[in-house]
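One letter stands for each residue in the lines below.
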Amino acid sequence: MAIFPKPFWLIGWAIAAWMLLGSVAWACPDGMVEIPGGTFRMGADDNQWPEERSVATVTVSHFCLDTHEITNGQFTEFVQETGYLTVAERPLSKEQFPELTDEGRSPGSVVFQALSPGQSITELSWWHWQPGANWQHPEGTNSTIKGKDNHPVVHIAFEDAQAYANWAGKALPTEAQWEFAARGGLKDKIFAWGNTYNPKKANTWQGKFPIKNSKEDGYLGTAPVGSFPPNGYGLYDMTGNVWEWTEDWYQWGHDHQANQSDPIANKEQESFDPRDPGIAKHVIKGGSFLCARNYCSRYRPSAREAQSPDTGTSHIGFRLVYRSNQKV
């Protein structure tokens, strides 16, 4: 029986040890799943949304992603440990808003209010500045998150999400990472589950927006995370519930990402939204409980929107990634 010389045994042992250590090093933190990475077609050419065009071939390395959106309970732990105040809990800057009175610069945020039948509908008329609205009081001073520890935290500005990420030793996902993960391993499908819309698959708006929500999916506002089936990677609420921040600065279309590996639009000065030129914005993904078939309809992996980094609303939250060079 042939016996390998000792050096070969040592080499074999070393390779096995390296593979074992590599797998241990890439064990995802609790509450996260490993996304294998790969090459995919980002964006969509077959709909009316020009910001999703043209499709770009993009490659992402493997990474870990939160199984669900950051919850009120998780954010409470962060605030209790750090004493952090979100943007919505701070007075507006006198330098930025010199025309406002001190009372007008009081803390608050933007809240959705459904319109009544017959009420005049104008673009964005359902959004209202609400003094006292923040992550602990989503609808204003008299509202509460009591009993909603497992709902996604909202009224989160980009700065707030970054602060939580730094505390957790993680990061916000890039747009490419987020979209790759949202597709759940499916190729070129419209939705995270296939090509047919299904109100039972995600927390979205059923009925005529912004007047009537039939609540066919069971919820008028946010739903507890994990209330709907996961996608192919075991991720919950990559569709609907709340929009999610990404690390990328917003640019029109996907030309800046085409044929790249692990692309990221990280230059603020290159951010451009033709609908609101001159304002640098970040990409948000996933749609929310306010996305309806007659309006928005951005409850698809390819869908994207631009959001000013200093503005959180009653339907914007986030989740995080973990990469091999981070420490938890």
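The preceding data block contains the structure.
Notes on the structure in this doc start here. (Residues numbered from 1 in each chain as written. Predicted model: local features only at pLDDT ≥ 70, side-chain atom pairs only at ≥ 80, totals over all residues. Heavy atoms only, no water.)

**Topic: the pairing of strand S10 (residues 304-307)**
Operational definition: For each residue, the accessible area found with a 1.4 Å probe, counting protein chains only, is set against the maximum for its type, and the residue is called buried under 20%, exposed over 50%, and partly exposed in between. Starting at the N terminus, helices and strands are each numbered in turn, a helix being any DSSP run of H or I of at least four residues and a strand any DSSP run of E of at least two. One requirement defines pairing of two strands: DSSP has to find at least two bridges between them.
Alternating positions in S10 separate into two faces, Arg 304 and Ala 306 on one and Glu 305 and Gln 307 on the other, with burial throughout. Bridge count between strand S9 (residues 282-285) and S10: 4 bridges; the pairing is antiparallel. The partner of Lys 285 across the bridge, within S10, is Arg 304.

**So, the sheet that holds strand S3 (residues 56-60)**
Across the sheet, which stays open at both edges, the 3 strands sit in the order S2-S3-S8 with mixed pairing between neighbours. Unpaired on one side and paired on the other, strand S2 (38-42) and strand S8 (260-261) mark the two borders of the sheet. Pairing analysis gives 2 bridges linking S3 to S8, with the strands arranged parallel. For Thr 59, the partnering residue across the bridge sits in S8 and is Ser 261.

**A word on helix H2 (residues 72-82)**
For clarity, the cut-off: Within this analysis, the arc is defined by the directions that extend from the helix axis to the C-beta atoms. Pairs of residues are marked as contacts when any of their non-hydrogen atoms sit within 4.5 Å.
All of the buried residues along H2 are Asn 72, Phe 75, Phe 78 and Val 79. Seen along its axis, H2 keeps its buried residues to an arc of 120°; they face one direction. Of the exposed residues in H2, the ones pointing more than 90 degrees away from its buried face are Gln 80 and Glu 81. Where the residues of H2 are buried, they touch helix H3 (158-168). After H2 finishes, the residue Gly 83 shows a positive phi value of roughly 75°.

**Some points on the packing of aromatic side chains**
Test applied: Stacked, tilted and edge-to-face are the three classes assigned to paired rings of Phe, Tyr and Trp, where Trp is represented by its six-membered ring and a pair needs centres within 6.5 Å; plane angles under 30 degrees give stacked, over 60 edge-to-face, the rest tilted. Comment: the charge-over-ring label is applied if NZ (Lys) or CZ (Arg) is within 6 Å of the ring centre and within 35 degrees of the ring normal.
Taken as a whole and assessed by the stated rule, the structure comprises 24 aromatic pairs. Aromatic side chains Phe 75 and Trp 135 sit 5.1 Å apart centroid to centroid with 70° between the ring planes, which places their arrangement in the edge-to-face category. Here Trp 135 lies in the loop between strand S6 (127-131) and H3 and Phe 75 lies in helix H2, a separation of 60 residues in the sequence. The class of Phe 75 is buried, set by a relative accessible area of 0%. Classification of Trp 135 by relative accessible area gives buried; the value is 2%. A centroid spacing of 5.3 Å and a plane angle of 50° characterise the contact between Phe 78 and Trp 167, whose relative ring orientation is tilted. Of the two residues, Phe 78 sits in helix H2 while Trp 167 sits in helix H3, which places them 89 residues apart along the sequence. Residue Phe 78 is classed as buried on the basis of its relative accessible area, which comes to 2%. Overall, the relative accessible area of 27% leaves Trp 167 in the partly exposed class. For the cation-ring pair, Arg 298 lies above Trp 49, with the distance from its terminal atom to the ring centre recorded as 3.8 Å.

**So, helix H4 (residues 175-183)**
Across the 9 residues of H4, 9 count as buried, placing the element largely inside the fold. The complete set of buried residues in H4 reads Glu 175, Ala 176, Gln 177, Trp 178, Glu 179, Phe 180, Ala 181, Ala 182 and Arg 183. Gly 184 sits one or two positions beyond H4 and adopts a positive phi of about 65°.

**What about the pattern of salt bridges?**
The cut-off we apply is this: Just to be clear on terms, a salt bridge is a Lys or Arg side-chain nitrogen sitting within 4 Å of an Asp or Glu carboxyl oxygen.
If you walk through the whole model with that rule in mind, you get 16 salt bridges. Here Glu 179 ties to Lys 285 by a salt bridge, and the two come within 2.9 Å at their closest N and O atoms. Taken together, the residues Glu 179 in helix H4 and Lys 285 in strand S9 connect sequence positions 106 residues apart. Across the pair, Lys 285 and Glu 179 agree in class, each one buried. Through salt bridges that share partners, Glu 51, Asp 273, Arg 275, Asp 276, Lys 281, Arg 298 and Glu 305 make up one connected network.

**Section: the nonpolar core**
So the rule is basically this: By nonpolar core is meant a set of buried Ala, Val, Leu, Ile, Met, Phe, Trp, Tyr and Cys residues that side-chain atoms within 4.5 Å join together.
In this structure, Phe 75, Ile 156, Tyr 164, Trp 245 and Phe 318 are the most contacted members of the largest nonpolar core, which totals 26 residues. Looking at this core, the elements with two or more residues in it are H2, H3 and strand S7 (243-249). Counting residues per element, this core draws most heavily on H3, at 5 residues. Filtering out sequence-adjacent residues up to four positions away, Ile 156 remains in contact with Phe 75, Trp 135, Ala 161, Trp 245, Gly 312, Ile 316 and Phe 318. Val 60, Ala 171, Leu 235 and Met 238 belong to the second largest nonpolar core, which has 17 residues in total.

So, to be careful, I would describe these as geometric facts and stop short of saying anything about function.
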